[in-house]
Amino acid sequence: MTNEKITSGLNGYLMLFAAMILFFGGLYMVISQSNTMFLIAIIIALFILPGFTLVNPNNSRVLLLFGKYVGTIKKNGFYWVNPFFTKKKISLRASNFDSERLKVNDKIGNPVMISTILVWRVTDTYKAAFDVDNYENFVRVQTDAAVRKLASMYPYDNFADEGLDEDITLRSSVNEVSEDLEKEIQERLAMAGIEVLEARIGYLAYAQEIANAMLKRQQATAIVAARHKIVEGAVSMVEMALDELSKKELVDLDEERKSAMVSNLMVVLCSDKDAAPIVNAGTLHH
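Below or above, wherever it landed, is the structure these notes cover. Everything quoted here is computed from the prediction, not taken from an experiment.

By the secondary structure assignment, S60 is in strand β3 (residues 59-65). Owing to a relative accessible area of 0%, S60 belongs among the buried residues under this scheme. For S60, the contacting residues outside a window of four places in its chain are V55, T72, I73, K74, K88, K89, I90, L92 and T125.

Written as structure tokens, this is what we have:
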């Protein structure tokens, strides 16, 4: 048998009642009648006792008879099975696994620290019990392997200044990366009869040796982008000012004066500090 087989046992309460009758009835007859033949009833009662098993909600018992798989009890309750059965407990509850922070290289070779949070549960007790050595350790090892593979498939972030513009990155594409991670882990854990309920990145950062350099790079990129936006706005404002002055004919500026005005406005608008104005009390020519 290579697939899970759902089975059940006898009603545990009825068998417990029968065992008590055999034990106490046999004990009474041995004492009152002095007949050792009733010792058989006591022996049978003691033989029945190891067959009792309790299955709690979202738990299961995998039954083996001398190394042969008999079936799995998944329905919770109090049961009695063959006393020779070996009963292995496997939890069907959802389990949470927070992996260790791994140091891996992303797609473009930058070392990053990454960890994952995995929610999983056993769906096939036969595979979990017999197809892998230790299914809980199997989950940990395969999750780490999947995270390493995923990190090598995508860059940590986009670097437009180097001509790198990826559609999916580890930092910004959270949903897409989580879907790929969940799919990758599910493929690895399917052979152990385990279902992945959720998988997502729990921690992501550059490795310590390059963290400061990357932070400075991100700050520089942000500053350049901000300056670029400021210059665009300043040029538009200067152009609008010249057009309005020309339309309303408030001042007749020659090319030299226009250049000076443009220069002054650009300095005021693009400076990162407040400008100190100087009032000209004379004319435009003095």
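Here helix α5 (residues 174-189) is 16 residues long and its end C-alpha atoms lie 22 Å apart, about the 22 Å a rise of 1.5 Å per residue gives. Against β9 (111-122), α4 (135-153) and β10 (194-206) lie the buried residues of α5.

Turning our eyes to something else, we now look at the nonpolar core. Judged by nonpolar contacts, the single largest core of 36 residues is most densely connected at L118, W120, V122, Y135, I185, L189 and I194. Of all the secondary structure elements, the ones that give two or more residues to this core are β3, β8 (102-105), β9, α3 (125-131), α4, α5 and β10. For this core, the element with the highest residue contribution is α4, accounting for seven residues. Of the domains in this structure, domain 1 (10-89) and domain 2 (95-208) are the two that each give at least three residues to this core. Membership of the second largest hydrophobic core comes to six residues, among which are V55, L63, V81 and F85.

With the rule as written, the count across this model stands at five salt bridges. For E184, the salt bridge identified is with R188, shortest N-O distance 2.9 Å. Here the residue E184 and the residue R188 both occupy positions in helix α5, the gap between them amounting to four residues, near one helical turn. We classify E184 as buried; its relative accessible area is 14%. Judged by its relative accessible area of 23%, R188 is partly exposed.

Bringing the pairing of β9 into the picture now. β9 sits mainly inside the fold: ten of its twelve residues count as buried. Across four bridges, strand β7 (residues 95-98) lies against β9 in antiparallel orientation. Within β9, the residue paired with S95 across the bridge is W120. Relative to β9, β8 runs antiparallel, the two being bridged by four bridges. Looking at the pairing, K103 lines up with M113 of β9. Here β8 folds back onto β9, and the loop between the two strands holds five residues, one of which, G109, carries a positive phi near 95°. Summarising the sheet, β9 and β10 pair through eleven bridges and their orientation is antiparallel.

Here is what the cut-offs are and how they apply
Residues numbered from 1 in each chain as written. Predicted model: local features only at pLDDT ≥ 70, side-chain atom pairs only at ≥ 80, totals over all residues. Heavy atoms only, no water. Helix = DSSP H or I, 4+ residues; strand = E, 2+ residues; numbered from the N terminus. Buried < 20%, exposed > 50% of the residue type's maximum accessible area, 1.4 Å probe, protein only. Contact = heavy atoms within 4.5 Å. Expected span 1.5 Å × (residues − 1). Core = buried A, V, L, I, M, F, W, Y, C linked by side-chain atoms within 4.5 Å. Domains from an automatic or database assignment. Salt bridge = Lys/Arg side-chain N within 4 Å of Asp/Glu carboxyl O. Pairing = 2+ DSSP bridges.

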